[in-house]
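# A closer look at the structure
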Amino acid sequence: MNLIDDILNSVDIVDIISNYVDLKKSWRNFVGLCPFHSEKTPSFVVSPDKQIFKCFWCWKGWNVITFIKEIENVDFFDAIKILAEKAWIDIKKYKTNFWNHNSEINTKEELLKINKAALNFFHKNIFENEKALSYLVKERKLSKELIIKYKLWYAPAESNKLINYLLDKGFSQEVILKSGLWKQSSSWSIYSFFTNRIIFPIFNQLGEIVAFSWRIFDNQTTWWKYINTPETILYHKSNILYNYHNAKKTKKNYIIVCEGYMDVIWLDRLGFDNAVATCGTALTPQHIKLLKRITSNIVFAFDSDEAWKQASLRWLQIALENWVYPKVFNIPEWKDFDELANLKENDEKFKNDLEIQIKNSPDWVSFFIDNILENYKTSSPTQKESKLQQIFDILKKITNYSIFWDYLEYIGNKINIHPNILYQQFKKLKTYKKPENISETNNKNDYIIPSLFYNDFYEKFKIEKITDLLEIIFSILDFLPEQHLLKKVFTNQVSFEEKEKILQSQLQWEENLHWRTKEKINNKLLNEVKIYLIHILMELIKSPSIETDKKANLMIILNQLRKFTI
Ligand SMILES: [Zn+2]
């Protein structure tokens, strides 16, 4: 039997998706709010008859394996594993027919086993090294529970111990080298760089061990220095968050993102089981995607004032680009962990206060604005301009127009300038400082109509007949080439550079329309969209790459569109 078929036959797509989405029965299908884009009215349809799903807004869809891949952010192999587990199917029985055909899958499995064996080895060693254990317990004041939860084990000083242990377990030298636990020296001997260190294992979102981090423990000055396993086929830093597999089970309705692994563990000690950290890299859009699967309420916690002011501003931009509006929290005097550990009697009060403090942390954008605008009034004109430029550099990442405008008003109130004037300034500075590397594949005018549909911008104008035109767009979307902007807008494939241009076009609409009557807005918008769509349809019908019978369909749509009256 074929594993994929067996899985598809033994799970029901409605059951599986119900674990992630609230589904309601509607005629023969089920509908719900799409988990892949944010929406208020359901566009997400699941068909129990066909065992498929489809979102009619972002166009994600296909079978239950695709769904698990997307929602769990895993590859095909892991999606199969998750579903097999839910269906009580034993993957190992299928080994000969399925897994052996794919050597990468085999290597991945093998590496997971090596990491698991290495973790066992490190575990044994922590009890044989009193110094390491007492360092964690006495100096770092970590409880036994925390040491066990985070599996803070020990790698002994003798480099060949781990190697011999793994070779004894029957792993081949070739695969061991791929695990990143070892390195090959110029003399062709292999050595482990995990020696005499405290080990921090790193798990993926499924709770599988994919990498290790080590840190020196007998020299306080280098305590902050982590070294991670290099990237392997199991471990891509841009896709992994430390402690994500635990934090996703939290009952709290927000997630804390820290800079370091120890911050995560200290927060846990104070009752915050909802903290994660990046693995020594910058935050990526994939990280945000992972976090959004738990919640969009994200608090970034930083050790020092300077950290968030400098490098981490890029983090804020990444969050905004992905429609997350994070809060920011400054960890107070965390390095004084002795004092923290001695807070035992007052623990509850301390924890509660901290919880309130974290929950009430300021929204990062306003916090940033407040800081920049400090001393604005006494600044020189040049300084004032540069301050505004810094703020606009952040604001231009906000793709939601009304939130963008809220911030303009917020700034306006602070410095006593009408938001409209600020907006003029925003446009000027933006054109003055040209964004780099914008690909010119799309003409400037090409953005105007697609921008209406980006992020449901058109809803702002409450146009009644727009749904008719939307239907026409949906029916031609499949014919459009991938790089067509309209297609990108509807399939959520817009690049950052394109987003900027779209935002500009949306602002242009706003400007052109705000003084018109509702009726005039209606006519203007519908008319322009209609002309644009007629143009696209004509192009498609002329295109040599589209088959004749499909062109007949397009002709019918074109005639429909021509008859459309405003
Ligand atoms: Zn969707």
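Residues numbered from 1 in each chain as written. Predicted model: local features only at pLDDT ≥ 70, side-chain atom pairs only at ≥ 80, totals over all residues. Heavy atoms only, no water.

## Topic: the pattern of salt bridges
What counts is decided by this rule: The term salt bridge refers to a pairing of a side-chain nitrogen on Lys or Arg with a carboxyl oxygen on Asp or Glu at a separation within 4 Å. Helical segments are the DSSP runs of H or I of at least four residues, strand segments are the runs of E of at least two, and each set is numbered from the N terminus. Type-normalised accessible area, obtained with a 1.4 Å probe on protein chains alone, sets the label of each residue: buried when under 20%, exposed when over 50%, and partly exposed for intermediate values.
Summed over the entire model, instances satisfying the criterion amount to 20 salt bridges. A salt bridge links E208 to K81, with the nearest nitrogen and oxygen atoms 2.6 Å apart. Placement of the pair is E208 in the loop between strand 9 (197-203) and strand 10 (209-215) and K81 in helix 4 (residues 76-86), with a sequence separation of 127 residues. With a relative accessible area of 18%, E208 lands in the buried category.

## Side note on the pairing of strand 4 (residues 52-55)
Our working rule: DSSP calls a pair of strands paired once it identifies at least 2 bridges connecting them.
Only one face of strand 4 is covered, namely the face carrying F53 and C55; the face carrying I52 and K54 is uncovered. In this structure, strand 3 (residues 44-47) lies alongside strand 4, joined through four bridges in antiparallel fashion. Following the sheet pairing, V45 is matched in strand 4 by K54. Linking two consecutive strands that pair antiparallel, namely strand 3 and strand 4, is a turn of four residues; a positive phi of about 55° is found at Q51 within it. Sheet topology note: the strand 4/strand 5 (residues 61-62) ladder contains two bridges and is antiparallel.

## A short note on the packing of aromatic side chains
Applied cut-off: Only centres within 6.5 Å qualify two rings of Phe, Tyr or Trp (six-membered ring in Trp) as a pair; their planes then separate them into stacked at under 30 degrees, edge-to-face at over 60, and tilted for everything else.
Scanning all chains against the criterion turns up 24 aromatic pairs. Relative to F53, the ring of F36 has its centre 6.3 Å away and its plane inclined at 40°; by these criteria the two rings are tilted. Remark: F53 occurs in strand 4 and F36 occurs in the loop between strand 2 (29-32) and strand 3; sequence separation between them is 17 residues. Here the aromatic rings of F453 and F490 are separated by 5.6 Å at their centres, their planes lie at 40°, and the arrangement is tilted.

## Some details on the coordination of the zinc ion
We apply this condition: Any N, O or S atom lying within 2.8 Å of the metal counts as a donor, with the limit raised to 3.2 Å for Na, K and Ca; because water is left out of the atom set, some sites can appear incomplete. Geometry assignment treats four donors as tetrahedral when all angles are between 85 and 135 degrees, treats four as square planar and six as octahedral when opposite donors are over 155 degrees apart and all others between 65 and 115, and treats everything else as irregular.
Every protein donor of the zinc ion is listed here as C34 (SG), H37 (ND1), C55 (SG) and C58 (SG), and their distances to the metal cover 2.1 to 2.3 Å. Around the zinc ion, the four donor atoms are arranged such that angles at the metal cover 103 to 117°; this shape is classified as tetrahedral. Sequence spacing of the donors to the zinc ion: C-x2-H-x17-C-x2-C. Placement of the pair is H37 in the loop between strand 2 and strand 3 and C58 in the loop between strand 4 and strand 5, with a sequence separation of 21 residues. On the basis of relative accessibility, which here comes to 4%, the residue C58 falls in the buried class.

## Regarding the pairing of strand 14 (residues 275-278)
Put simply, the rule is: Call a crossover right-handed when, viewed with both strands pointing away from you, the route from the first strand across the helix to the second goes clockwise.
Residues of strand 14 alternate between two faces, with A275 and A277 on one and V276 and T278 on the opposite face, all of them buried. Of the pairings in the sheet, the one linking strand 12 (residues 241-242) to strand 14 comprises two bridges and is antiparallel in character. The residue bridging Y242 from the neighbouring strand is A277, located in strand 14. As judged from the three bridges shared by strand 13 (residues 255-258) and strand 14, these two strands associate in the parallel manner. In the sheet register, C258 faces strand 14, and the bridge partner there is A277. At this point the chain moves from strand 13, through helix 11 (residues 261-269), to the parallel strand 14, and the crossover so formed is right-handed.

## With respect to the environment of V324
Formally: Here, residues are in contact when the closest pair of their heavy atoms is within 4.5 Å.
Inspection of the secondary structure assignment puts V324 in the loop between helix 14 (313-321) and strand 16 (327-330). Each C-alpha atom of the pair V324 and K289 lies 9.8 Å from the other, and the pair is 35 residues apart in sequence. Apart from the residues lying within four places of it in its own chain, the contact partners of V324 are I288, K292, S296, I298 and A319.

## Let's talk about the sheet that holds strand 2
Strand pairing in a sheet relies on backbone hydrogen bonds, with the paired strands running either antiparallel or parallel. Read from one edge to the other, the open sheet built from five strands follows the order 1-2-3-4-5, with strand pairing classed as antiparallel. Strand pairing shows two members of the sheet lacking a second neighbour, strand 1 (24-26) and strand 5, which therefore form its edges.

## Notes on the nonpolar core
Selection rule: Each nonpolar core is a collection of buried residues, namely Ala, Val, Leu, Ile, Met, Phe, Trp, Tyr and Cys, held together in the definition by side-chain atoms within 4.5 Å.
By size, the foremost hydrophobic cluster in this structure holds 89 residues, and its most contacted members are L395, F404, I411, F453, L486, F490 and L533. The residues contacting L395, other than those within four sequence positions of it, are V365, F404, Y407, L408 and I411. Y165, I176, F217 and C279 belong to the second largest nonpolar core, which has 65 residues in total.

## Quick word on empty space enclosed by the protein
Keep this limit in mind: A pocket, in this scheme, is an open set of points on a 1 Å grid over the protein atoms alone with protein on both sides within 12 Å along at least 5 of 7 lines, while a cavity is a set where a 1.4 Å probe fits but cannot get out; residues line either one if an atom lies within 4 Å of a point. Grid points are joined across faces, edges and corners, and a volume is the space filled by probe spheres set on the points. In this classification, the charged set is Asp, Glu, Lys and Arg, the nonpolar set is Ala, Val, Leu, Ile, Met, Phe, Trp, Tyr, Cys and Pro, and all remaining amino acids, among them Gly, are polar. The domain boundaries here were taken from an automatic or database domain assignment.
The final tally for this structure, using the stated rule, is one cavity of 30 Å³ or more. In this structure, the largest cavity spans a volume of roughly 50 Å³. Residue lining of the largest cavity: E321, K396, K397, T399, F496, K499 and E500, and that is the complete set. The element that contributes the greatest number of residues to the lining of the largest cavity is helix 24 (residues 496-513), accounting for three residues. Partitioned by chemical class, the residues of the lining of the largest cavity number one nonpolar, one polar and five charged. Here the lining of the largest cavity spans two domains, and each of domain 4 (367-428) and domain 5 (445-563) adds at least three residues to it.

## Some thoughts on the sheet that holds strand 9
Selection criterion: Only the contacting stretch of a helix is used when fitting its axis, a line to C-alpha atoms as for every element, and angles between N-to-C directions run 0 to 180 degrees.
Pairing within the open sheet is antiparallel, and its four strands lie in the order 6-9-10-11. Of all strands in the sheet, those bounded by a partner on one side alone are strand 6 (153-155) and strand 11 (227-228). Examined bridge by bridge, strand 9 and strand 10 share six bridges and lie antiparallel to one another. Each bridged residue has a counterpart across the sheet, and for F200 the counterpart in strand 10 is S213. Contacting strand 9, strand 10 and strand 11, helix 11 runs over the sheet at an angle of about 80° to strand 9.

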